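Remarks on the overall topology
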Amino acid sequence: MRQSGAAARGRGCALFPLLSVLFFQGVHIVISLEITADAHVRGYVGEKIKLRCTFKSASHVTDKLTIDWTYRPPSSSRTESIFHYQSFQYPTTAGTFRDRISWAGNVYKGDASISISNPTLKDNGTFSCAVKNPPDVHHNIPLTELTVTERGFGTMLSSVALLSILVFIPSAVVVVLLLLRMGRKAAGLKKRSKSGYKKSSIEVSDDTDQEEKDECMARLCVRCAECLDSDYEETY
């Protein structure tokens, strides 16, 4: 009787390492789905915002793969489903984000990102991205803190400065080149008039063409300045 009990205990001890190995191997396979997302995202009112979410799975992507995005307002424990994916995109049709969530990912590239159109200050909060790709269903759930603000005067000023660089500098270069060309032309005419030189019909035609080109360049400079003024007025 003692021998049979000892043998049973021996078999149990022998099976324990095997079960442990199988258990840990099974856990390793189940949690082989890793999700990453930006911890903090900053956006501006009225400007489209992209919430990035990527995943890595040991299993091939099938039509069983699901993606769920949820939103939690600041200082609240209430969560709201805003997007679901399974072969097709199902953005929310109710609530704060109605008709403002769009798909921006590609599951075959491990991308589960979404975008928010026309964001407002009320969109501040915490977003979470959950992906399940059976048999990979257990994973971490990364959180993204979204902060939406109004564009300040400094940001608007930098935009105007950039626009000035893109318009004023090329225009200034064109004007300088035009003035140099006109100066050389005037000096040449003055020299020829002193020497009593008379232009041929071909030279007269060339001068006429050049004058037309110079006039076109001058009009282009004026047009660039007008465009800059109109953009500046729209900005403010």
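The preceding data block contains the structure.
Reference entry: report on the structure contained in this document. (Residues numbered from 1 in each chain as written. Predicted model: local features only at pLDDT ≥ 70, side-chain atom pairs only at ≥ 80, totals over all residues. Heavy atoms only, no water.)

Points about the overall build of the protein chain
Regarding its fold elements, the protein chain presents three helices and eleven strands. Counting from the amino terminus, helix and strand elements in the protein chain follow one another as α-β-β-β-β-β-β-β-β-β-β-β-α-α. Excluding contacts between residues fewer than 6 apart, the proportion of contacts in the protein chain whose partners are at least 24 apart in sequence is 59%. Working note: accessible area of the protein chain is about 16100 Å², and carbon and sulfur atoms make up 61% of it. (Helix = DSSP H or I, 4+ residues; strand = E, 2+ residues; numbered from the N terminus. Contact = heavy atoms within 4.5 Å. Areas by Shrake-Rupley, 256 points an atom, 1.4 Å probe, with all protein chains shown as cover.)

Quick look at the state of the cysteines
In this structure the tally under the stated criterion is one disulfide. Residue pairing for Cys-53: its cysteine sulfur links by disulfide to Cys-129, the two sulfurs lying 2.1 Å apart. Across the disulfide from Cys-53 to Cys-129, rotation about the S-S bond amounts to roughly -80°, and the bridge is consequently left-handed. You can see Cys-53 sitting in strand S4 (residues 53-57) and its partner Cys-129 sitting in strand S10 (residues 125-132), a full 76 residues away along the chain. Summarising the burial analysis for this pair, Cys-53 and Cys-129 share the class buried. (Disulfide = S-S within 2.5 Å. Buried < 20%, exposed > 50% of the residue type's maximum accessible area, 1.4 Å probe, protein only.)

A word on the packing of aromatic side chains
This structure, assessed with the given rule, holds five aromatic pairs. Geometrically, the ring pair formed by Tyr-71 and Phe-127 is tilted, given 4.9 Å between the ring centres and 45° between the ring planes. Remark: Phe-127 occurs in strand S10 and Tyr-71 occurs in strand S5 (residues 66-72); sequence separation between them is 56 residues. An identical accessibility class is assigned to Tyr-71 and Phe-127; each is buried. Ring geometry for Tyr-85 and Trp-103: centres 4.9 Å apart, planes at 15°, overall stacked. Taken together, the positions of Tyr-85 in strand S6 (residues 80-86) and Trp-103 in strand S8 (residues 101-103) put the pair 18 residues apart, joining distant regions of the chain. Members of the aromatic cluster, joined through ring pairs, are Tyr-71, Phe-97 and Phe-127. A cation over an aromatic ring shows up here: Arg-151 above the ring of Tyr-44, its NZ or CZ 4.0 Å from the ring centre. (Phe/Tyr/Trp six-rings, centres within 6.5 Å; stacked < 30°, edge-to-face > 60°. Lys NZ or Arg CZ within 6 Å of the ring centre and 35° of its normal.)

Regarding the nonpolar core
The biggest cluster of nonpolar side chains holds 25 residues, and the ones touching the most others in it are Leu-51, Phe-55, Ile-67, Trp-69, Ile-82, Phe-127 and Val-131. Listed by contribution, the elements that provide at least two residues to this core are strand S1 (33-37), strand S3 (49-51), S4, S5, S6, strand S9 (114-116), S10 and strand S11 (143-149). Those residues in contact with Val-131 that lie beyond four places of it in its chain are Leu-33, Ile-35, Phe-55, Leu-65, Thr-66, Ile-67, Ala-112 and His-139. (Core = buried A, V, L, I, M, F, W, Y, C linked by side-chain atoms within 4.5 Å.)

Here's the deal with the sheet that holds S10
Across the sheet, which stays open at both edges, the six strands sit in the order S2-S11-S10-S5-S6-S7 with mixed pairing between neighbours. Since the sheet does not close on itself, it has two edges, and those belong to strand S2 (40-44) and strand S7 (88-91), each with one partner. Each strand of the sheet is rotated relative to its neighbour by a mean of 20°, with strand direction disregarded. Bridge analysis of S10 against S11 gives four bridges, and the strand direction is antiparallel. Its bridge partner lying in S11, Thr-126 is registered against Glu-145. (Pairing = 2+ DSSP bridges. Axes fitted to C-alpha atoms, helices over the stretch in contact; angles between N-to-C directions.)

Some details on the side chain of Thr-66
You can see Thr-66 is positioned in strand S5. Every residue in contact with Thr-66, bar those within four places of it in the chain, is listed here: His-84, Tyr-85, Gln-86, Ala-130, Val-131 and Lys-132.

A closer look at the sheet that holds S9
The sheet built from three strands is open, its strands ordered S3-S9-S8 with antiparallel pairing. Only two strands of the sheet have a single partner each, and these edge strands are S3 and S8. Each adjacent strand pair in this sheet contributes to an overall mean axis angle of 30°, direction not counted. Where S3 lies against S9, three bridges are found, and the strand directions are antiparallel. Bridge pairing links Ile-49 to Ile-116 in S9.

Examining the pairing of S5
When S5 meets S10, the two strands line up antiparallel, connected through seven bridges. The residue bridging Ile-67 from the neighbouring strand is Val-131, located in S10. One ladder, built from five bridges, connects S5 with S6; its direction is antiparallel. For Trp-69, the partnering residue across the bridge sits in S6 and is Phe-83.

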